[in-house]
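Examination of the molecular architecture
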Amino acid sequence: MKAYYSTRYGGADVSQYGDYPDPSVTGNQVLVEVKAVSINPVDFKVKRGDLKFLSGRKFPRIFGSDFSGIVKEAGTNAEKFKPGDRVYGVISVIFGKQGALAQFIAIDQKSLWIIPGEMSFEEAASLPIAALTALNGLRRCEVVKGTQVLINGGTGGVGHFAVQIAKTKGAVITATCSDANAELARKLGADETIRYSKEDLASTNKKFDAILDAYGHMDLSVAQRLLKRGGIYASTMINPFTLFKSFFINLIWGKKLTSSNMRALPEDILEIEKLFNEKKLHPVIENYFTLDKADEAFELAEKGKPRGKIIIRI
Ligand SMILES: NC(=O)c1ccc[n+]([C@@H]2O[C@H](COP(=O)([O-])OP(=O)(O)OC[C@H]3O[C@@H](n4cnc5c(N)ncnc54)[C@H](OP(=O)(O)O)[C@@H]3O)[C@@H](O)[C@H]2O)c1
């Protein structure tokens with residue numbers, strides 16, 4: 001099969017498009033002909049070796065986590081799927097596991113879901129990591145009708161889903177974004193925008209019930225100041241030290257700091273699919289690449305300036 005693979009950790013210089021051995025399925029696995037893959041920050045972070053201690057040292061190696069495709073073959077115990085099913089899923093490329101940037105992948109059936117009727121392969125591949133992280137972040141922020149929520153990074157992969165989901169919950173949304181993306185943030189459902197390139201978030205006099213830091217790099221002292229007493233800050237990039245500090249921040253200032261990690265329980269997937277089917281959640285995809293141009297997709301993702309999601313069509 002054709003694949004985009006790396007011979008060691010690094011950038012485009014150690015990665016190539018070419019022939020790669022076909023995968024085969026074991027009992028619980030399903031062989032999927034891949035149609036689309038979306039690129040998330042975790043993909044370039046793992047690819048360049050930031051998480052070596054988790055991702056292992058097995059090379060050559062295929063990366064890419066979120067994907068969609070068509071079932072070609074189901075293992076003897078993978079009774080949930082049959083050839084021809086349109087599926088999507090997320091593969092965790094840790095401990096040397098192969099990713100999805102290839103014509104075929106073999107994946108455990110528990111990481112696969114049937115694509116709902118009208119969803120395209122590209123839309124399906126755009127959802128898992130970013131939409132599930134947004135959904136969990138808003139849950140951790142306890143966002144309900146009337147919650148004044150700040151979504152930091154409101155037009156990126158996670159953020160653009162978070163703004164739309166918060167809207168469906170009836171929240172009052174302020175989104176930060178670059179100047180170029182302010183109009184998009186409004187279209188997605190933001191009531192107000194703060195252009196981080198022009199306005200200083202630290203000097204706003206607004207107070208929020210919740211902050212979802214989709215960007216993940218907000219200054220904690222700013223977050224703490226912008227939160228009302230009892231407010232919650234959830235970040236996609238929380239670290240153990242911050243969690244340790246959060247205990248004291250809660251104790252002294254009555255504000256909670258927590259993480260907005262991806263959660264993929266069956267009810268989470270169902271909620272995302274329901275919102276999509278009701279046309280309340282719409283993936284923004286402006287950048288499409290082919291597998292032989294995957295280098296360019298990774299370069300764009302790493303610059304951190306995509307609007308919505310980046311898709312590689314296989
Ligand atoms: N913990 C988890 O489970 C999990 C899951 C998913 C993602 N993440 C992490 O979450 C982060 C975001 O992921 P993503 O997929 O949303 O990335 P992305 O698509 O690259 O989006 C990044 C966003 O950050 C915004 N941004 C850039 N500079 C900013 C600044 N100075 N202030 C405020 N916003 C700024 C960008 O806005 P403009 O485009 O308008 O410049 C864009 O909206 C990544 O670090 C990723 O690794 C964690």
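Residues numbered from 1 in each chain as written. Predicted model: local features only at pLDDT ≥ 70, side-chain atom pairs only at ≥ 80, totals over all residues. Heavy atoms only, no water.

**So, the sheet that holds strand β11 (residues 192-195)**
Taking strand neighbours across the sheet as the criterion, the 6 strands line up as β11-β10-β9-β12-β13-β14 in an open arrangement whose pairing is parallel. Strands with a single pairing partner mark the edges of an open sheet, and in this sheet they are β11 and β14 (256-259). Each neighbouring strand pair of the sheet contributes to a mean axis angle of 20 degrees, computed without reference to strand direction. With 5 bridges connecting them, strand β12 (residues 208-213) and strand β13 (residues 227-235) associate as parallel partners. Directly across from Ile211, in β13, lies its bridge partner Tyr233. (Pairing = 2+ DSSP bridges. Helix = DSSP H or I, 4+ residues; strand = E, 2+ residues; numbered from the N terminus. Axes fitted to C-alpha atoms, helices over the stretch in contact; angles between N-to-C directions.)

**Here we look at the pattern of salt bridges**
A complete count under the given rule lists 22 salt bridges for this structure. Note that Glu118 is salt-bridged to Lys279, the shortest N-O span being 3.7 Å. One end of the pair, Glu118, is in the loop between β8 (112-114) and α3 (121-126); the other, Lys279, is in the loop between α9 (266-277) and β15 (285-290), with 161 residues separating them in the sequence. On the basis of relative accessibility, which here comes to 66%, the residue Glu118 falls in the exposed class. Here Arg313 and Glu122 are joined by a salt bridge, their closest N and O atoms 2.8 Å apart. Linking Arg313 in strand β16 (residues 309-313) with Glu122 in helix α3, this pair joins segments that are 191 residues apart in sequence. A relative accessible area of 16% means that Glu122 is categorised as buried. In this structure, a network of salt bridges that share partners links the residues Glu33, Lys35 and Lys72. (Salt bridge = Lys/Arg side-chain N within 4 Å of Asp/Glu carboxyl O. Buried < 20%, exposed > 50% of the residue type's maximum accessible area, 1.4 Å probe, protein only.)

**Quick word on the domain arrangement of the protein chain**
Assigned domains of the protein chain: these are domain 1 (2-127 + 284-313) and domain 2 (130-259). Just the C-alpha atoms count here: the centres of domain 1 and domain 2 sit 29 Å apart. Listed per partner, the contact involves 12 residues of domain 1 and 14 residues of domain 2. Between domain 1 and domain 2 lies a buried interface of about 900 Å² when both sides are counted; carbon and sulfur atoms form 52% of it. The largest share of the area that domain 1 buries against domain 2 comes from Leu127, Val284 and Arg307, three residues that together contribute 51% of it. Viewed at the interface, domain 2 and domain 1 are joined by 5 residue pairs in polar contact (both at pLDDT 80 or more). A class-by-class count of the residues in the side of domain 1 that touches domain 2 yields 4 nonpolar, 3 polar and 5 charged. (Domains from an automatic or database assignment. Contact = heavy atoms within 4.5 Å. Buried area = accessible area lost by both parts, 1.4 Å probe. Polar contact = N/O pair within 3.5 Å; in protein donor to acceptor, adjacent residues only side chain to side chain. Nonpolar A, V, L, I, M, F, W, Y, C, P; charged D, E, K, R; others polar.)

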